[in-house]
Amino acid sequence: MVYENDVRTIVNMGGRPGTGYSSFARYWPGLGDGRVEDFGGGGISVEGEGGGEGGGGEGGTLIREFTVGANRGGDGGRLVRHFSCTEWPNYGVPEDTSSVRRLMKMVREYIDAVEGTTVIHCSGGVGRSGTFLTAFAGVYGGGGTLIDIVQEIREQRHPMAVEGFAQYEFAYKCVAEW
């Protein structure tokens, strides 16, 4: 999917991979182990890893650089930047908006500098990713209210995107504190 859709930016609102219902499977190899994972005709390798502000994942964001599709067509693969939000609990919201607003700014600066598609996900693809997308569109989008944005996301993605008042309020605070 990443290679076929020319994805250059992945925003992971699900934190770190784990096990169980409220997590997601790891879809990249470890840093520095030299492995290239093959997902059916195209490999992925991690080129670097560090924090957004403060390094090492501090400040709520861990950034990785992947090479995707390294063994497809001899092109050497494509660079993909992977932003992981490390401070957002499943079914909840962070204590304040600062780390998410920093993440929004970093993502926007990156997508302005590269061409390609952006993918946003969490474990279920509904609450955290929908809330981030709502706040992001509220700051950088072409207008409309947050209610309009949530309605459009629900029509395009899932009817439960932005799960309840706390997540809607958090998106509103991100925009208001921008």
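Residues numbered from 1 in each chain as written. Predicted model: local features only at pLDDT ≥ 70, side-chain atom pairs only at ≥ 80, totals over all residues. Heavy atoms only, no water.

**Q** Run through the overall build of the protein, naming residues and quoting values.
**A** Broken down by element type, the protein carries 4 helices and 6 strands. Going from the N terminus to the C terminus, the protein shows its helices and strands as β-β-β-β-β-α-β-α-α-α. Sorting the 178 residues of the protein into buried and exposed places 39% on the buried side. In the protein, the proportion of contacts linking residues at least 24 apart, taken out of those at least 6 apart, comes to 60%. (Helix = DSSP H or I, 4+ residues; strand = E, 2+ residues; numbered from the N terminus. Buried < 20%, exposed > 50% of the residue type's maximum accessible area, 1.4 Å probe, protein only. Contact = heavy atoms within 4.5 Å.)

**Q** Summarise the side chain of Gln-167; cite the residues concerned and give the values.
**A** Checked against the element boundaries, Gln-167 lands in helix α4 (residues 165–176). At 3.2 Å, the side chain of Gln-167 and the backbone oxygen of Gly-92 are in polar contact. A distance of 3.3 Å separates polar atoms of two side chains, one belonging to Gln-167 and the other to Thr-131. Excluding anything up to four places from it in sequence, Gln-167 contacts Trp-88, Tyr-91, Gly-92, Val-93, Gly-127, Arg-128, Thr-131 and Val-162. (Polar contact = N/O pair within 3.5 Å; in protein donor to acceptor, adjacent residues only side chain to side chain.)

**Q** I'd like to hear about the side chain of Arg-128, residue by residue, with values.
**A** Tracing the chain through its elements places Arg-128 in helix α2 (residues 127–140). For Arg-128, which is buried and forms no salt bridge, the nearest opposite charge comes from Glu-163, at a distance of 6.9 Å. A polar atom in the side chain of Arg-128 sits 2.9 Å from the side chain of Ser-123. (Lys, Arg positive; Asp, Glu negative; His and termini not counted. Salt bridge = Lys/Arg side-chain N within 4 Å of Asp/Glu carboxyl O.)

**Q** Quick rundown of unusual backbone geometry? Include the residues and the values.
**A** Residue Asp-6 is not a glycine yet carries a positive backbone phi of 55°. Structurally, Asp-6 is set in the segment before β1 (7–12). The exposure class of Asp-6 is partly exposed, given its relative accessible area of 28%. At Val-162, a position not held by glycine, the phi torsion is positive, near 65°. Tracing the backbone through its elements, the reader meets Val-162 in the loop between α3 (146–156) and α4. Residue classification places Val-162 among the buried residues on the basis of a relative accessible area of 1%.

**Q** Tell me about the sheet that holds β1, residues and numbers included.
**A** Spatially, β2-β3-β4-β5-β1-β6 is the arrangement adopted by the 6 strands of the open sheet, whose pairing is mixed. This sheet does not close on itself; its edge strands, each paired only once, are β2 (37–38) and β6 (117–121). When strand β3 (residues 43–51) meets strand β4 (residues 61–68), the two strands line up antiparallel, connected through 7 bridges. Directly across from Gly-48, in β4, lies its bridge partner Glu-65. (Pairing = 2+ DSSP bridges.)

**Q** Please provide a residue-by-residue account of the pattern of salt bridges, values included.
**A** Within this structure, the stated rule accounts for 7 salt bridges. Here Arg-101 and Glu-177 are joined by a salt bridge, their closest N and O atoms 3.8 Å apart. Separated by 76 residues along the polypeptide, Arg-101 in helix α1 (residues 98–113) and Glu-177 in the segment after α4 bring together distant segments of the chain. Residue classification places Arg-101 among the partly exposed residues on the basis of a relative accessible area of 22%. Each member of the salt-bridge network shares a partner with another, and the members are Asp-6, Arg-8 and Arg-78.

**Q** Please provide a residue-by-residue account of α3, values included.
**A** Of the positions making up α3, those classed as buried are Leu-146, Ile-149, Val-150 and Ile-153. Seen end-on, α3 carries its buried residues on one side only, within an arc spanning 95°. Facing away from the buried side of α3, by more than 90 degrees, are the exposed residues Ile-147 and Glu-155. Against α2 and α4 lie the buried residues of α3. (Arc of directions from axis to C-beta.)

**Q** Explain the nonpolar core to me, using residue names and the numbers behind them.
**A** Ranked by internal contacts, the top residues of the largest apolar core, which has 20 residues, are Met-13, Leu-103 and Phe-132. Contributing elements (two or more residues each) for this core: β5 (78–85), α1, α2 and α4. Setting aside residues no more than four positions away along its own chain, Met-13 makes contact with Cys-85, Trp-88, Leu-103, Ile-120, His-121, Cys-122, Arg-128, Ser-129 and Phe-132. Membership of the second largest hydrophobic core comes to 11 residues, among which are Tyr-3, Val-7, Ile-44 and Val-119. (Core = buried A, V, L, I, M, F, W, Y, C linked by side-chain atoms within 4.5 Å.)

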